[in-house]
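The primary structure of each chain is shown beneath.
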Amino acid sequence: MAKIIDGKVISAKVKAQVKEETDKLKTQGISIGLAVVIVGDNPASRVYVNNKKKACAEVGFESFEYALPEETTQEELLELVKQLNADERVNGILVQLPLPKHIDENAVINTIRPDKDVDAFHPENVGHIMIGDFSFLPCTPAGVMEMLAQTGIDVDGKNCVVIGRSNIVGKPMAMLLLHKNATVTICHSHTKNLKEICSNADVLVAAVGKARFVSADMVKEGAVVIDVGMNRLENGKLCGDVDYEACFDKAGYITPVPGGVGPMTIAMLMKNTLTSAKK
Ligand code: GUN
């Protein structure tokens, strides 16, 4: 039977540390601000943005929300980003993805000042991550690493398999595991022997975006199973990329959805915003 890695408990610890440092900075007259930009009315994005605002209030940051209509042009969005780049109250800028199809996401990411890029999506920050010399880590992979560290799981020399190769999760996740001396395999939709590769993993990270994609026969006895998925079922319930019930008895450790990686992502965003303010 698996031990549950509780993202709510671990994220609360991270946020408490951020709050403590934020309170200290406030006594020196320094306040911290995060700008969150959302374009259109994607319901999932709306939930994420609300959670980010709530977390800002918890740790004592100011949050500046910019909710723009779906028809916003790329030029208008870039203009807002440039304005936020120059705004001294704003330490971190987050443009919620995905953006409407008529907007080039890369153009937007490339316009965010790298030292305010608390998502760590700008190519300059991605380059720093590749080299292993970074100040910001992308929030979801960083949250996973924090969960592993706080659970006492050392990945050094372990077989770690990441399913998914997105710029936001899969690729940086693999890089962070590699920096900790794991042997890393990245699997994706063209991978031929997926089941065989996964069932050799000591640590299996699922970032596929398909509900219950990881079945029990893909999990090695005693493996650490990390579920980055956040899928909405037809009945409205949230469901991860891992078949949690089926894998629970086989895994050594498992993260639930909700209450696993999700809260960690937000806690790491708060940590990045604090880092930006301190710099
Ligand atoms: N959409 C899904 N995850 C993320 C994230 O971590 N940051 C941003 N900006 N958009 C997202």
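Since the model is a prediction, treat every value here as computed from it, not as a measurement.

Asker: How should I be thinking about the site of the ligand in this particular structure?
Answerer: In the neighbourhood of the ligand, the contacting residues comprise Leu94, Val95, Gln96, Leu97, Asp119 and Phe121. Between the ligand and Val95, the relevant distance is 2.9 Å, taken from a nitrogen atom to a main-chain nitrogen or oxygen of the residue. Within the side chain of Asp119, one N or O atom sits 2.7 Å away from a nitrogen atom of the ligand. Protein contact buries 83% of the 280 Å² of open area that the ligand shows by itself. Here the residues of the shell around the ligand sort into four nonpolar, one polar and one charged.

Asker: Just to check I follow, could you spell out the packing of helix α2 (residues 43-59) against helix α10 (residues 261-278) for this structure?
Answerer: Pairs of packed helices are described in terms of their axes, by the angle between the two and the distance that separates them. Relative orientation of the contacting elements α2 and α10 amounts to 55°, with a least axis distance of 10 Å. In terms of orientation, α2 and α10 fall into the oblique class. Of the two elements, α2 crosses α10, and the hand of that crossing is right-handed. Contacts between α2 and α10 pair Asn51, Lys52, Ala55, Cys56 and Val59 from the former with Ile266, Leu269 and Met270 from the latter. Grouping the constituent residues of the contact of α2 with α10 by class yields six nonpolar, one polar and one charged.

Asker: I'm lost on the sheet that holds strand β3 (residues 62-68) in this one. Help?
Answerer: For sheets, the rule is that strands pair by backbone hydrogen bonds, running either parallel or antiparallel. Taken together, the three strands give an open sheet; going across it, the order is β3-β2-β4, and neighbouring strands pair in parallel fashion. At either end of the open sheet lies a strand with only one pairing partner, and these are β3 and β4 (92-95). This sheet shows a mean twist of 15° between the axes of neighbouring strands, independent of strand direction. Sheet analysis places strand β2 (residues 33-39) next to β4, joined by four bridges and oriented parallel. Of the residues in β4, the one forming a bridge with Ala35 is Ile93. Along the sheet, α2 makes contact with β2, β3 and β4, crossing β3 at roughly 160°.

Asker: What should I look at first to understand the packing of aromatic side chains in this one?
Answerer: To describe a pair of aromatic rings, one takes the distance between the centres and the angle between the planes. Going through the model one piece at a time under the given rule, you end up with one aromatic pair. Each ring, one from Tyr244 and one from Phe248, has its centre 5.6 Å from the other, and the planes form 45°; the classification is tilted. A residue pair is termed a helical-turn pair when its members lie 3 or 4 positions apart in one helix, as Tyr244 and Phe248 do in helix α9 (residues 244-248) at four residues. For Tyr244, a relative accessible area of 21% translates into the label partly exposed. On the basis of relative accessibility, which here comes to 17%, the residue Phe248 falls in the buried class. If you follow Lys279 out to its NZ or CZ, it ends over the ring of Phe136, 4.9 Å from the centre.

Asker: What is the right way to read the nonpolar core from this model?
Answerer: A general trend in soluble globular proteins is that nonpolar side chains are found buried together. Judged by nonpolar contacts, the single largest core of 51 residues is most densely connected at Phe61, Leu148, Leu177, Ile226, Val228 and Met270. Residue contributions to this core peak at nine residues, all from α10. Setting aside chain neighbours within four positions, we find Val228 in contact with Thr140, Val144, Val169, Val205, Ala206, Ala207 and Val261. Formed by 20 residues, the second largest nonpolar core is a distinct cluster that contains Val90, Leu97, Leu99 and Phe121.

Asker: Would you explain helix α3 (residues 74-86) in this entry?
Answerer: Compared with the 18 Å implied by 1.5 Å per residue over 13 residues, the 19 Å span of α3 between its first and last C-alpha is a close match. Every buried residue belonging to α3 is among Gln74, Leu77, Leu78, Leu80, Val81, Leu84 and Asn85, and all of these are buried. Buried residues of α3 fall within an arc of 155° about the axis and therefore sit on the same side. Turned more than 90 degrees away from the buried face of α3 sit Glu75, Gln83 and Ala86, all of them exposed. In this fold, the buried residues of α3 make contact with β2, β3, β4 and α4 (105-111).

Asker: For this particular structure, what's the right way to read the packing of helix α6 (residues 139-150) against helix α7 (residues 170-179)?
Answerer: It is the contact of α6 with α7, at a shortest axis distance of 9 Å, that shows an interaxial angle of 35°. In the packing of α6 onto α7, the handedness of the crossing is right-handed. Contact with α6, carried on its side by Pro141, Ala142, Val144, Met145 and Leu148, involves Pro172, Met173, Leu176 and Leu177 of α7 and no other residues of that element. Residue classes in the contact of α6 with α7 are distributed as nine nonpolar, no polar and no charged.

Asker: Would you explain the pattern of salt bridges in this entry?
Answerer: The final tally for this structure, using the stated rule, is nine salt bridges. For Asp217, the salt bridge identified is with Lys195, shortest N-O distance 2.9 Å. Of the two residues, Asp217 sits in the loop between β7 (203-206) and β8 (224-227) while Lys195 sits in helix α8 (residues 194-198), which places them 22 residues apart along the sequence. Via salt bridges that share partners, Arg46, Lys53 and Glu65 belong to a single interconnected network.

Reading the values: rules and limits
- Residues numbered from 1 in each chain as written.
- Predicted model: local features only at pLDDT ≥ 70, side-chain atom pairs only at ≥ 80, totals over all residues.
- Heavy atoms only, no water.
- Near = heavy atom within 4 Å.
- Polar contact = N/O pair within 3.5 Å; in protein donor to acceptor, adjacent residues only side chain to side chain.
- Areas by Shrake-Rupley, 256 points an atom, 1.4 Å probe, with all protein chains shown as cover.
- Nonpolar A, V, L, I, M, F, W, Y, C, P; charged D, E, K, R; others polar.
- Axes fitted to C-alpha atoms, helices over the stretch in contact; angles between N-to-C directions.
- Helix = DSSP H or I, 4+ residues; strand = E, 2+ residues; numbered from the N terminus.
- Parallel < 35°, antiparallel > 145°, perpendicular 65-115°, else oblique.
- Left-handed = near helix turned anticlockwise from the far one by under 90°.
- Contact = heavy atoms within 4.5 Å.
- Pairing = 2+ DSSP bridges.
- Phe/Tyr/Trp six-rings, centres within 6.5 Å; stacked < 30°, edge-to-face > 60°.
- Buried < 20%, exposed > 50% of the residue type's maximum accessible area, 1.4 Å probe, protein only.
- Lys NZ or Arg CZ within 6 Å of the ring centre and 35° of its normal.
- Core = buried A, V, L, I, M, F, W, Y, C linked by side-chain atoms within 4.5 Å.
- Expected span 1.5 Å × (residues − 1).
- Arc of directions from axis to C-beta.
- Salt bridge = Lys/Arg side-chain N within 4 Å of Asp/Glu carboxyl O.

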